[in-house]
Every structure is written in C-alpha cells, then in structure tokens.
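# A structural walkthrough
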Amino acid sequence: MKVQRDGRRFTVDVSADGDGLVSHAGAALLAEVADRVGLTQELSRALAEVRERRGRHDPGRVIRDLAVMLADGGDCLSDLRAVRDQQPLFGSVASDSTAFRLVDRIANDPGLLDAVRTARARARERAWELGVRPERIVIDIDATLIGAHTEKEGAAVNFKGTFGFHPLLAYLDESREALAGMLRPGNAAAHSAQAQIEVLEQALEQLPLDVVADLQTKIVMRIDSAGAASDLCQAAQDAKIGFLVGFDVFKAVQTAILSLPESAWSPALKQDGAERDGAQVTEITELIDLKPWPKNSRVIIRRERPHPGAQLTFTDHDGHRFQATLTDLTGDAVEIERLHRGRAHAEDRIRAAKQTGLDNLPFREFDLNAVWMELSLIAQDLIAWTQHLALDGELAICEPKALRYRLLHTGGRLAFHARRAILRLQASWPWAHQLAAAFQRLQALPPPAG
C-alpha cells in the first residue's frame, strides 16, 4: 500500500500487532449519556423481572447497548458486535442470542414494552433537568413509509404502490427528541384519527407530568393535511393542547380566498423572522362555516408564487399556490402560519430516524419489529441528548451520518496506567478537541440519584 506525507510517497507495511486501539471511541459518549441521564438505571428497574439469574447480563444494559449500536450506525441485531468488540470502552456486552431473547420477551409482553417507555420518560425528565428542555413544546406528528424486501408480518402494499410498513411518529421540534412511534401495516390509512390520537397520547406520556399539568405551559400539536380530522383536533383541545393542522382547500375555502381584497394579505415570514418574498398570509375564519370543528377554530391562508418549473393544480389561482391551516391558537395570523411552516422539521427528524435503525425492520414478526422501533426511538433520544448536553456549534445540530464521521467513529488508543485509563485521540483529527471536551462536559454532570 502507498501513502503520501509531506509530498513524499511511502510504502506501508501492515501488521496486526497493535495494542489498545479502539475504532469507535466517540460512541462511548452515547453510553455515557445514557448512564448520566439515568436511562440505563431506569431500564434496569423496568426490566428487573426479565433478569434470569445473578451474573447474567443486566437487561437495562442490553437495551442501552442495542440503542448505542443503532445510534452508531447499526441496522440489524448482529451489528451489536461493533459494540461487543470494544470491551475496554463498553464493558461486557451481551451476545446476539441473549439480546434477541430479551427483544422477544418484550415483544411477547405488552407490559414490558410499556415499562420501557416509562423508563424513557423518567430519563427524559432527568435530561430536561440537565438542560435539554425546549423553550417551546411543539409536538410534530408525521407518517412515513418503510420498505420491506421480504415477506414480513404486517408488510403490505401502501398508497404509493411500494411494499412495507406505514408507521406514525411524534417528535419534539426544538430538542429533536423522539417521543413516540406506532408501527402500522403498509396499507394503514394515512388519515386515521384514532391512530394519530393514540400516538399523541403516547407522546404526552413521555413529557414530565408537571409540564403536562401546568396550564401555563402551552403545548402545541402540528400535523399535515392528513390531520385535519375533527376527532383529532377535538382530542387535542380536550387535553388543553393547541393544534396546527393542514386544512383542505375545498370549494368554500377557494370562494372565500378569491373574495378577499389585496389589502387583506400581509407579508409572510421566514423562520428567522424576515419577510419572505413572494408569499403572503391572511385569515378567512369569518368567511366560512367552522361549526363541525372545535370551538375557537381559525383558518389561516398562505399564498405564494411556486418555484420555477412547479406544476400548478386546479386549486391554484392567478399563478399563486394556496395552503390552508386550521388552528385554535390565538395571536397574529402571520406568526401562527410561520409556526406551522416549521412542521417541515419533522421530515428532517424522520430522515435522521432512518439513519438510526428505522430504515430496516429486521425481523419477520410484527411485534419484534415494534420493539425494534422503540429501540430506534431510544437511539434517536441518545443522539439528541448527547448533542444538547455535550456538543456545540455544528456538531450540536448535524445529522447522525455526519456525527458518526466526525465524532462517533473516531479512532483512539486506550492506555492503562496506575489505575487510570487514558483515551488518546489523534491530535490532527479536526474534531478531536471537541470530542475530548464533550467527554469532559459529561463527566461534570452529576450522576443520577439512586
């Protein structure tokens, strides 16, 4: 093999006699975060009845290691070896068969899956106390499609004609935390208010109880046009949650829009608060009948010039594209519309989720894959908590693939001396100092009680 250094070419001799080398040094950040926010401890308590005998692998540690594996880029159970092969960093890691037996036990006992979710919620409360809590609590609900290349229980042809699953997911916007997920067959209806309500309830159960009970804390649910169902909106309002949902531009809405004078439109805003060229906002609440919808409902309209090459539809008029939003939030229509436009962040969260174990549901049985989805949600939380508690700048917001290249897959040498272990990173690696600083920040956090 040939390499270049300082303009000179060298022949490299390869030998397998290194010592103390670790290839995924940064992945230990994820395990440390799980321990610091109390997730490992809570999982151990939740799954205490599963532990077979003294000396066996702790179930909480097994779930933690599976989540770390997914956050680190694994997409099937056998990828747990990437963690197991680095015992100096992660300690003793369960075998594939041991991990599978635990997943199978949880899949066959709904109470255990609920216990895992409760453990996640308790760890989230601790993470929020350490600084993860978002300023504004906005829950985004969205569906996605997951392909299946073999016959699996629940896999079916979806509305796009592909084969697989059609899960619903819920995320917190500002903190990027994964609150809830419901695995559904591929042919599940996109407009199922019952499923959306169930996911919303699961998402609320992930929030600290004092936050949900505090009427001074405004919680907002956002969803696209598939959420414009009166049952979902009413369920949100009954739970004292504001709603922002996409609304169909049907005939009465079109008529109301076309009756407005030009003076009724106000400039739309970008997410940074600056005016958006070619886009305006107005409200038509007084011009249409909203009796079938929850009280205090409003309809806000956005119009904009489509980008060059976009194909207009029959609902467009005079070169404008119109989008309607149904809400019960009070305040300026322009600001509310800007808040709803932020729902596009959910697409970023789902893209990141598919980089964190969700793109491949590895088992044939539906219930096993439902547990796998829960593991993916835990892995996504670990990434979000790590970025909030230990990183800054671009590293605090980058997607999983970038985070792995820059930090998680960093190589190092683990040296032991005088009852101390030192992880030495390559000084010339561009993100070595940020990785070292991240470990120091985590070490400064107080350990969980109990």
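We now turn to the structure provided with this report. (Residues numbered from 1 in each chain as written. Predicted model: local features only at pLDDT ≥ 70, side-chain atom pairs only at ≥ 80, totals over all residues. Heavy atoms only, no water.)

## A few points about the overall build of the protein chain
Along the backbone of the protein chain there are 16 helices and 17 strands. Taken over the C-alpha trace, the protein chain has a radius of gyration of 25 Å; the compact-globule value for 450 residues is 22 Å, and the two agree within 12%. Dimensions of the protein chain along its principal axes, counting C-alpha atoms only, are 80 × 60 × 45 Å. Going through the 450 residues of the protein chain one by one, you find that 52% of them count as buried. (Helix = DSSP H or I, 4+ residues; strand = E, 2+ residues; numbered from the N terminus. Rg over C-alpha atoms; globule rule 2.2 N^0.38 Å. Buried < 20%, exposed > 50% of the residue type's maximum accessible area, 1.4 Å probe, protein only.)

## A word on the sheet that holds strand β7 (residues 163-165)
In sheet architecture, strand pairing relies on hydrogen bonds along the backbone and comes in two forms, parallel and antiparallel. Read across the open sheet, the three strands follow the order β5-β7-β6; overall the sheet is antiparallel. For this open sheet the edge positions go to β5 (146-147) and β6 (156-157), each flanked by a neighbour on one side alone. When β5 meets β7, the two strands line up antiparallel, connected through two bridges. Within β7, the position partnered with Ile146 by the bridge is Phe165. (Pairing = 2+ DSSP bridges.)

## Here's the deal with the environment of Pro362
Within the secondary structure, Pro362 is located in the loop between α13 (345-358) and α14 (366-390). For Pro362, a relative accessible area of 26% gives the class partly exposed. Ignoring any residue separated from it by four or fewer positions in sequence, one finds Pro362 in contact with Asp75, Cys76, Lys152, Asn369 and Trp372. (Contact = heavy atoms within 4.5 Å.)

## Description of α14
The terminal C-alpha atoms of α14, which comprises 25 residues, lie 36 Å apart, in line with the 36 Å expected from a rise of 1.5 Å per residue. Of all 25 residues in α14, 22 are buried; the element is thus mostly enclosed. (Expected span 1.5 Å × (residues − 1).)

## Quick look at a negative patch on the surface
Together, Glu125, Glu129, Asp210 and Asp214 line one region of the surface with negative charge. Overall, the relative accessible area of 58% leaves Glu129 in the exposed class. (Patch = residues over 30% accessible without salt bridge, like charges linked within 9 Å, V, L, I, M, F, W, Y side chains within 5 Å. Areas by Shrake-Rupley, 256 points an atom, 1.4 Å probe, with all protein chains shown as cover. Salt bridge = Lys/Arg side-chain N within 4 Å of Asp/Glu carboxyl O. Lys, Arg positive; Asp, Glu negative; His and termini not counted. Charge placed at Lys NZ, Arg CZ, Asp CG, Glu CD.)

## Notes on the environment of Ala239
Relative to the helices and strands, Ala239 is located in the loop between α10 (230-238) and β11 (242-247). Separated by 26 residues in sequence, Ala239 and Ala213 have C-alpha atoms that sit 9.8 Å apart.

## Brief notes about helix α16 (residues 432-444)
Residue pairs three or four apart in sequence face the same way in an α-helix, which turns once every 3.6 residues. In this model, α16 (13 residues) spans 19 Å end to end at C-alpha, consistent with the 18 Å of a helix rising 1.5 Å per residue. Where α16 is concerned, the buried positions are Ala432, Leu435, Ala438, Phe439 and Leu442. The arc that holds the buried residues of α16, viewed along the axis, is 125°, so those residues lie on one side. Of the exposed residues in α16, those oriented more than 90 degrees away from the buried face are His433, Gln440 and Ala444. For α16, the secondary structure elements touched by its buried residues are α1 (28-36), α14, α15 (400-408) and β17 (420-425). (Arc of directions from axis to C-beta.)

## Notes on the pattern of salt bridges
One pass over the full model with this rule turns up 26 salt bridges. Glu32 is paired through a salt bridge with Arg36; the nearest N and O atoms lie 2.8 Å apart. Of this pair, Glu32 and Arg36 both sit in helix α1, four residues apart, which is roughly one turn of the helix. Here Glu32 falls in the partly exposed class, since its relative accessible area comes to 24%. Put simply, Glu262 and Arg303 hold a salt bridge, and the shortest N to O gap is 2.3 Å. With Glu262 in the loop between α11 (251-258) and β12 (266-269) and Arg303 in strand β14 (residues 298-304), the pair connects residues that are 41 residues apart, well separated along the chain. We classify Glu262 as exposed; its relative accessible area is 52%. The exposure class assigned to Arg303 is buried, which follows from its relative accessible area of 8%.

Treat this as a map of the structure, not an account of what it does.
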